[in-house]
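# Chains, contacts and geometry: an overview
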Amino acid sequence: MNTSFRTCSVTGLKIHSEAEKLIKINAVTSVVFLLVGGLMAILIAMTRWPAVHLLPEDLFYRFLTLHAIAMLVAWIIFMEMAILYFTSAVLLNSRLAVPKVAWLAYILMIGGAGIVAVTILLGKADVMFTSYPPLQADPMYYLGVILFAVGAILGCCVFFATLIVAKSEKTYEGSLPLVTFGAAAAAIIAIITLAHGAIIYVPTWLWSLGIIQHIDAPTYRLIFWGFGHSSQQINVCAMIAVWYLLGTLTVGSKPISQKLCRTAFVLYILFIDIASEHHLLVDPGLSPAHKSWNTGYFMHLAVLASMIHAFAVPASVEVALRKKGYTKGLFEWLKGAPWGNPAFSSLVFSMVGFGFLGGITGITFGTEQLSIISHNTWRITGHFHGTVVAGTTMAFMGLTYYVIPLIFRREYVAPKLASAQPYLFGIGMFLVSFSMMFVGGFGVPRRHWDITFTDAIFKVSFNPVVDIGMAVFGIGAILAVVGGAIFCLQAVATLLMGRKLA
Amino acid sequence: MSISVPETYWWKPVDREEKIWVTVALIWCIFITLMMPYWHFTGKQNPPWETYKIKPEQFEKLAADFIAKHKVGEDNGIPVVEPPPGGDAFLVASTWKFEPVLKLQKGQTYRLHVSSLDYQHGLSIFPINMNFMILPDYDYVLTITPTESGDYRIMCNEFCGIGHHNMVGKITVT
Amino acid sequence: MAGNENENHAPGSFVLIWIFFATMVLLYFLNWKYLSGVWHVGTGN
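What you see is a predicted model; the values in this text were computed from it and never measured.

When helices and strands are counted, chain A shows 14 helices and two strands. Its C-alpha atoms give chain A a radius of gyration of 22 Å, within 12% of the compact-globule value 23 Å for 502 residues. Along the first, second and third principal axes, the C-alpha atoms of chain A reach 65 × 55 × 50 Å. Within chain A, the proportion of its 502 residues that are buried is 65%. Summing over all exposed atoms, chain A offers an accessible surface of approximately 16,300 Å²; the carbon and sulfur share of this is 72%. Within chain A, one finds 30 positive and 20 negative side-chain charges whose respective centroids are separated by 14 Å.

Before going further, it helps to examine the domain arrangement of chain A. Residues and elements named next belong to chain A. By the assigned domains, chain A splits into domain 1 (7–174) and domain 2 (343–452 + 461–502). Spacing between the C-alpha centres of domain 1 and domain 2 amounts to 19 Å. At the junction of the two partners, domain 1 supplies 39 residues and domain 2 supplies 34 residues. A buried area of about 3,000 Å², summed over both sides, lies between domain 1 and domain 2, and 77% of it is on carbon and sulfur atoms.

Moving on, we come to the environment of A:Leu301. Residue and element names in this part refer to chain A. Among the structural elements, Leu301 can be located in helix H9 (residues 288–323). Sequence-wise, Leu301 and Ile272 are 29 residues apart; in three dimensions their C-alpha atoms are separated by 8.0 Å. Look past the residues within four positions of Leu301 in its chain and what remains in contact with it is Leu267 and Phe271.

In this section: the layout of surface pockets. Take a probe with the size of a water molecule and roll it over the atoms, and the empty space left behind shows itself. In this structure, the second largest pocket spans a volume of roughly 400 Å³. Elements with a contribution of two residues or more to the lining of the second largest pocket: helix H11 (342–365) and helix H13 (415–440) of chain A together with helix H1 (11–36) of chain C. For the lining of the second largest pocket, the class distribution of residues is eleven nonpolar, four polar and one charged.

According to the stated counting rule, one finds 15 salt bridges over all chains in the structure shown. Note that A:Glu18 is salt-bridged to A:Lys21, the shortest N-O span being 3.4 Å. Taken together, the residues A:Glu18 and A:Lys21, both in helix H1 (residues 17–48) and three residues apart, mark about one turn of the helix. On the accessibility criterion, A:Lys21 (41% relative accessible area) is partly exposed. A salt bridge links B:Glu74 to B:Lys71; the nearest nitrogen and oxygen atoms lie 3.2 Å apart. Owing to a relative accessible area of 54%, B:Glu74 belongs among the exposed residues under this scheme. For B:Lys71, a relative accessible area of 41% puts it in the partly exposed group. Three or more residues are tied together by salt bridges with common partners; here these are A:Arg6, A:Glu20 and A:Arg409.

To continue, consider the interface of chain B and chain A. Size of an interface, as often reported, equals the accessible area lost when the parts are brought together. Each partner contributes residues to the interface: chain B has 67 residues there, and chain A has 86 residues. Interface area, chain B with chain A, both sides summed: about 6,700 Å², of which 68% is carbon and sulfur. Connecting chain B to chain A are one salt bridge. For B:Glu158, the salt bridge identified is with A:Arg447, shortest N-O distance 3.2 Å.

Moving on, we get to the packing of aromatic side chains. Evaluation of the coordinates by the stated rule reveals 48 aromatic pairs over all chains. Relative to A:Phe487, the ring of A:Tyr401 has its centre 5.9 Å away and its plane inclined at 80°; by these criteria the two rings are edge-to-face. One end of the pair, A:Tyr401, is in helix H12 (residues 378–408); the other, A:Phe487, is in helix H14 (residues 465–497), with 86 residues separating them in the sequence. A:Phe487 shares its class with A:Tyr401; the two are buried. Considering the side-chain rings of C:Phe14 and C:Trp18, the 5.7 Å spacing of their centres and the 80° angle between planes classify their relative orientation as edge-to-face. Highlighted residues: C:Phe14 and C:Trp18, both in helix H1, separated by four residues, approximately one helical turn. Overall, C:Trp18 belongs to the partly exposed group, its relative accessible area being 27%. Three or more aromatic residues link up through ring pairs in this structure, and these residues are A:Phe311, B:Trp21, B:Trp28, B:Phe31, B:Trp39, C:Phe14, C:Trp18, C:Phe21, C:Tyr28, C:Phe29 and C:Trp32.

Here we come to the interface of chain B and chain C. Facing 36 residues of chain B, the contacting portion of chain C comprises 26 residues. Counting across the chain B and chain C interface gives zero salt bridges. On inspection of chain B and its partner chain C, the count reaches 13 residue pairs in polar contact (both at pLDDT 80 or more). Mapped onto the side of chain B that touches chain C, the elements with two or more residues apiece are helix H1 (16–42), strand E9 (130–134), strand E10 (138–145) and strand E12 (168–173) of chain B. Looking at the side of chain B that touches chain C element by element, the count peaks at ten residues for H1(B). Considered class by class, the residues forming the side of chain B that touches chain C number 22 nonpolar, seven polar and seven charged. As paired strands, E10(B) and strand E1 (residues 40–42) of chain C are joined by three bridges and run antiparallel to one another. Considered in E1(C), the bridge of B:Thr143 is made with C:Gly42.

All names here are of chain A. Contact geometry for H1 and helix H3 (residues 99–121): axes closest at 10 Å, N-to-C directions at 10°. Classified by the angle their axes make, H1 and H3 are roughly parallel. Note on element contacts: H3 touches H1 through Pro99, Ala102, Trp103, Tyr106, Ile110 and Ala113, opposite Glu18, Lys21, Leu22, Ile25, Asn26, Thr29 and Phe33. Within the contact of H1 with H3, the residues separate by chemical class into nine nonpolar, two polar and two charged.

Next up on the list: the state of the cysteines. Here is the idea: a disulfide is a covalent bond, and it sits between the sulfur atoms of two cysteines. All names here are of chain B. Under the defined criterion, the tally for this structure stands at zero disulfides over all chains. Of all cysteine sulfurs, the one in Cys160 lies closest to Cys156, which takes part in no disulfide; the gap is 3.8 Å. In this structure Cys160 comes out as buried when scored by relative accessible area, which is 0%.

Quick look at a nonpolar patch on the surface now. On the surface, A:Leu330, A:Phe331, A:Val352, A:Phe356, C:Val15, C:Leu16 and C:Ile19 cluster together into a nonpolar patch covering about 490 Å² of accessible area. Of all the secondary-structure elements, those providing two or more residues to the nonpolar patch are H11 of chain A together with H1 of chain C. When residues of the nonpolar patch are assigned to their parent elements, the largest contribution, three residues, is made by H1(C). Among the structural elements, A:Leu330 can be located in the loop between H9 and helix H10 (332–336).

Once that is clear, we can look at the side chain of B:Ser115. Residues and elements named next belong to chain B. Tracing the backbone through its elements, the reader meets Ser115 in strand E7 (residues 110–116). Within the structure, Ser115 has its side chain in polar contact with the backbone oxygen of Leu135 (distance 3.4 Å). Of the polar contacts made by the side chain of Ser115, one reaches the backbone oxygen of Tyr138; its length is 2.8 Å. For Ser115, the residues in contact, after removing those within four places along its chain, are Ile54, Phe59, Leu91, Val92, Ala93, Ile134, Leu135, Asp137, Tyr138 and Asp139.

What counts and what doesn't
- Residues numbered from 1 in each chain as written.
- Chains lettered and ligands numbered in written order.
- Predicted model: local features only at pLDDT ≥ 70, side-chain atom pairs only at ≥ 80, totals over all residues.
- Heavy atoms only, no water.
- Helix = DSSP H or I, 4+ residues; strand = E, 2+ residues; numbered from the N terminus.
- Rg over C-alpha atoms; globule rule 2.2 N^0.38 Å.
- Buried < 20%, exposed > 50% of the residue type's maximum accessible area, 1.4 Å probe, protein only.
- Areas by Shrake-Rupley, 256 points an atom, 1.4 Å probe, with all protein chains shown as cover.
- Lys, Arg positive; Asp, Glu negative; His and termini not counted.
- Charge placed at Lys NZ, Arg CZ, Asp CG, Glu CD.
- Domains from an automatic or database assignment.
- Contact = heavy atoms within 4.5 Å.
- Buried area = accessible area lost by both parts, 1.4 Å probe.
- 1 Å grid on protein atoms, 1.4 Å probe; cavity = no way out; pocket = protein on both sides within 12 Å on 5 of 7 lines; lining within 4 Å.
- Points joined across faces, edges and corners; volume = space filled by probe spheres on them.
- Nonpolar A, V, L, I, M, F, W, Y, C, P; charged D, E, K, R; others polar.
- Salt bridge = Lys/Arg side-chain N within 4 Å of Asp/Glu carboxyl O.
- Phe/Tyr/Trp six-rings, centres within 6.5 Å; stacked < 30°, edge-to-face > 60°.
- Polar contact = N/O pair within 3.5 Å; in protein donor to acceptor, adjacent residues only side chain to side chain.
- Pairing = 2+ DSSP bridges.
- Axes fitted to C-alpha atoms, helices over the stretch in contact; angles between N-to-C directions.
- Parallel < 35°, antiparallel > 145°, perpendicular 65-115°, else oblique.
- Disulfide = S-S within 2.5 Å.
- Patch = residues over 30% accessible without salt bridge, like charges linked within 9 Å, V, L, I, M, F, W, Y side chains within 5 Å.

Structure follows, in structure tokens:
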């Protein structure tokens, strides 16, 4: 077994070389998928903006499917694998348990994601991320998703095995660090989520092969969302672990009450998966008691957890900055914060975007009756671009700004550009998310090639204010994609050409 | 530090400000949970739950009988139907059209049966922006009362194949 | 600072969190207002 270590010159942590290699390969793969998803993003955004209307209809729906898979699944889950290996092996000064299994996990995931992407690009899976039956994709599409899910489950198992190894080899004493605790919560949610994926994708795959005759639409919807939405709950959990991590790395913050933060993570584990049923609020079949119970009582306990973090993270940053001497008035600490550090500005954008754009709209649209005025409109798309993009993606980008010097040991090729990047991407995404929700309120549907309805038998004309909203969306999308491209190019160029750090 | 083993302050009591915030957050979560049953008792807009299993052929036949009985004209090749106030009405979704065009009366209540003959579809009433799912094999009964007269559209807002964006139906309320 | 038993006093964040809360409450009730204006719908009303 390979158990060679190096010591990090900045943090003093012992880093296992196998763990380091796996963190690198997962992080690089995830950025490659971000690049693919970003390219799709600009193409579909420029099609939805009626003033441009770039792509033909079939390519629009095809690229929209690939955009969702590349972003929601590949970019985020590969990065989460890197985070799981980092928070277990690196933060606990341990060796990574069974690196061979971790490599197998990676091969299954990259194989699965590759098969899915190629099947979509060949035009054999124009079914959107949800792939609702009876709409059917090529069997390879479902097989790819299954392989990816199995790989990700293995990755989570390696994480838990590493926690056990670290405990038994006494590489740390006492309780787990908060960030590792949060990552463990994310990994538990991941296993529940991926199990839902396997439960629903295996029969759907058999159905696409003709072995099973029929898939019941509402049953598919129920179990699919146990995968489809819960996978975003892994993101939330991992993102919040990253918030605490970035708070510590950028300003040296400590959580005010670890007890409370950890309780909040446990609330996520217990309640967040059941909350996936808020996708079914205007579906036939389910009773109102069932809908209210699962989206009310259970979801709102997960909401409570988010609200706890929403105060705990900024408060810990404030306390840390006050200790550095920024004590005047209520907000001097904000002036003293390291706004030029891209990891810090990413953290702030991530928190504001997740809370003000994604969070409060999620609570609202996830209410049983309020789903009537939001279900499948562009309001929903705006909501999850607030959570997943402005929130999770920005947090992960911020983390990458630390991973590059700490793990890859390279100096940025363009540090000034790095400082500006979060502002460009963040403001762009705020405009995108806000304008989607704004025009969605006028009934603009999601997943729609032509909201001018040129070829439809009955004409639909939106309030003229929608045109302004669409223009704001288009401009926001361009800013965000430029910001995203700068991030990807900076990361790649730094890995290839950045000056090596000692 | 959040990346290191917690120090002893881990056991210290929660800060007062944090306590206040968490208490308010908990009360808010309970409140927004209670809003849902409250609106079921007092509000006029609740997601319907009346549902029957039905084969697409059966639903198509029920709808065809309904259209034949109450047809009053045609609009762009789609039959226009005036259902009796207080009675049943049918709306059939299939790739990529809604049938029939419905003529409803303001303030009257209808039992609107919706189902799909093929894929999953969305029922989005424009411009008032009300949205429901339409699933194959299930007859979803919306007890619906138009409260304002006007010319309304039904847009499909669930992806149902490449022609999805052209799937538009019509309701007029007088 | 008074009442500062843990040196964990965060008055600025305490103000920010109420701004957040007010935004959430406002958005939530605006949506109920929006809902109350649409057609009546339900089961057997």
